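# Residue-level structure breakdown
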Amino acid sequence: ETGVTQTPRHLVMGMTNKKSLKCEQHLGHNAMYWYKQSAKKPLELMFVYNFKEQTENNSVPSRFSPECPNSSHLFLHLHTLQPEDSALYLCASSQAGGAYGYTFGSGTRLTVV
Amino acid sequence: DQQVKQNSPSLSVQEGRISILNCDYTNSMFDYFLWYKKYPAEGPTFLISISSIKDKNEDGRFTVFLNKSAKHLSLHIVPSQPGDSAVYFCAASVGGGADGLTFGKGTHLIIQP
């Protein structure tokens with residue numbers, strides 16, 4: 001257990017479904033991040049939240065919609081995804097938005113059918 | 001264009017010997033570098049980091065070397081143990097990492113008995 005919890009661990013969804021990924025951290029961090037890891041590609045930064053405010057959107061398609069209701073929780077809402085969106089989605093958190101103490105969750109393995 | 005490159009997708013090392021994992025970067029603004037280790041079905045876990053004001057950082061069996069002029073860093077593991085078999089990711093950040101980390105594709109380290 002790293003202090004960053006992601007649910008669900010696995011998700012299979014159809015292209016017309018709507019689902020949400022959840023991330024929760026109990027480390028007292030105030031920055032949270034979504035990353036995507038596709039096969040044979042580097043981890044790609046998707047969204048950054050600092051003090052609950054979105055400060056980075058890395059050209060992510062609108063079918064991915066993040067939500068950060070407080071500094072401990074982060075969601076990624078998914079709708080009308082494509083098969084190429086199948087990947088491991090990782091949440092991370094850090095203190096004061098810095099790289100020190102950057103901690104990842106175990107990820108959600110998403111399969112779009 | 002990839003700003004952080006790990007050119008060896010895999011590396012096989014005998015148990016007890018030294019493992020050397022390499023990483024190159026192109027962005028001269030990077031000022032903080034990290035190594036993460038990842039087991040299958042788990043998120044990346046922090047291993048060791050180095051600030052650009054240093055050229056070496058050591059933590060037990062792990063040492064990271066930074067050569068700023070060559071824009072190159074390396075992770076040395078000695079002696080290598082079977083539990084070190086994992087994928088190792090190099091990551092870099094600008095200004096402390098508030099805008100997220102930039103990752104390489106990873107190197108799969110295999111420790112042979």
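Anyway, here's the lowdown on the structure attached to this text. (Residues numbered from 1 in each chain as written. Chains lettered and ligands numbered in written order. Predicted model: local features only at pLDDT ≥ 70, side-chain atom pairs only at ≥ 80, totals over all residues. Heavy atoms only, no water.)

## Regarding the sheet that holds strand β3 (residues 19-25) of chain B
Strand pairing in a sheet relies on backbone hydrogen bonds, with the paired strands running either antiparallel or parallel. Residue and element names in this part refer to chain B. Taken in spatial order, the five strands of this open sheet run β1-β3-β8-β7-β6, and their pairing is antiparallel. Pairing within the sheet leaves two strands with one partner each, and these edge strands are β1 (4-5) and β6 (56-59). In the sheet, β3 pairs with strand β8 (residues 72-77) via six bridges, with the strands oriented antiparallel. Looking across to β8, one finds that Asp 24 is bridged to His 72. (Pairing = 2+ DSSP bridges. Helix = DSSP H or I, 4+ residues; strand = E, 2+ residues; numbered from the N terminus.)

## Side note on the interface of chain A and chain B
Each partner contributes to the interface: chain A provides 22 residues, whereas chain B provides 21 residues. In this assembly, chain A packs against chain B so that about 1500 Å² is buried in total across both faces, 59% of it on carbon and sulfur atoms. Taken together, the connections running from chain A to chain B amount to zero salt bridges. Residues of the side of chain A that touches chain B, tallied by class, amount to 12 nonpolar, six polar and four charged. (Contact = heavy atoms within 4.5 Å. Buried area = accessible area lost by both parts, 1.4 Å probe. Salt bridge = Lys/Arg side-chain N within 4 Å of Asp/Glu carboxyl O. Nonpolar A, V, L, I, M, F, W, Y, C, P; charged D, E, K, R; others polar.)

## Quick word on the environment of Ser 62 of chain A
One can find Ser 62 of chain A in the loop between β6 (53-57) and β7 (64-70). Overall, Ser 62 of chain A belongs to the exposed group, its relative accessible area being 65%. (Buried < 20%, exposed > 50% of the residue type's maximum accessible area, 1.4 Å probe, protein only.)

## Details of unusual backbone geometry
Thr 7 of chain A connects to Pro 8 of chain A through a cis peptide bond whose omega is -10°. Looking at the secondary structure, you find Pro 8 of chain A in the loop between β1 (4-7) and β2 (10-13). With an omega dihedral of -5°, the bond running from Val 78 of chain B to Pro 79 of chain B counts as a cis peptide bond. Locating Pro 79 of chain B in the fold gives a position in the loop between β8 and β9 (86-93). Positive phi is not limited to glycine here, since Thr 80 of chain A has a value of about 45°. Within the secondary structure, Thr 80 of chain A sits in the loop between β8 (73-79) and β9 (87-94). The residue Lys 71 of chain B is not glycine, and still its phi comes out positive at about 50°. Here Lys 71 of chain B is to be found in the loop between β7 (62-67) and β8. For Lys 71 of chain B, a relative accessible area of 25% translates into the label partly exposed.

## Remarks on the packing of aromatic side chains
Scanning the entire structure with this criterion turns up 15 aromatic pairs over all chains. An angle of 40° between the planes, with centres 4.7 Å apart, marks the rings of Tyr 25 of chain B and Phe 33 of chain B as tilted. A relative accessible area of 1% means that Phe 33 of chain B is categorised as buried. By way of ring pairs, the aromatic residues Tyr 33, Tyr 35, Tyr 102 and Phe 104 of chain A together with Tyr 36, Phe 46, Phe 89 and Phe 103 of chain B are connected into one cluster. (Phe/Tyr/Trp six-rings, centres within 6.5 Å; stacked < 30°, edge-to-face > 60°.)

## Quick word on a nonpolar patch on the surface
Residue and element names in this part refer to chain B. On the surface, Ile 18, Ile 20 and Val 78 cluster together into a nonpolar patch covering about 230 Å² of accessible area. Here Val 78 lies in the loop between β8 and β9. The exposure class of Val 78 is partly exposed, given its relative accessible area of 42%. (Patch = residues over 30% accessible without salt bridge, like charges linked within 9 Å, V, L, I, M, F, W, Y side chains within 5 Å. Areas by Shrake-Rupley, 256 points an atom, 1.4 Å probe, with all protein chains shown as cover.)

## Points about the side chain of His 29 of chain A
Mapping His 29 of chain A onto the fold places it in the loop between β3 (18-25) and β4 (31-37). Sequence-distant contacts of His 29 of chain A, defined by excluding residues within four places in its chain, comprise Ser 71, Ser 93, Ser 94, Gln 95, Gly 101 and Thr 103 of chain A.

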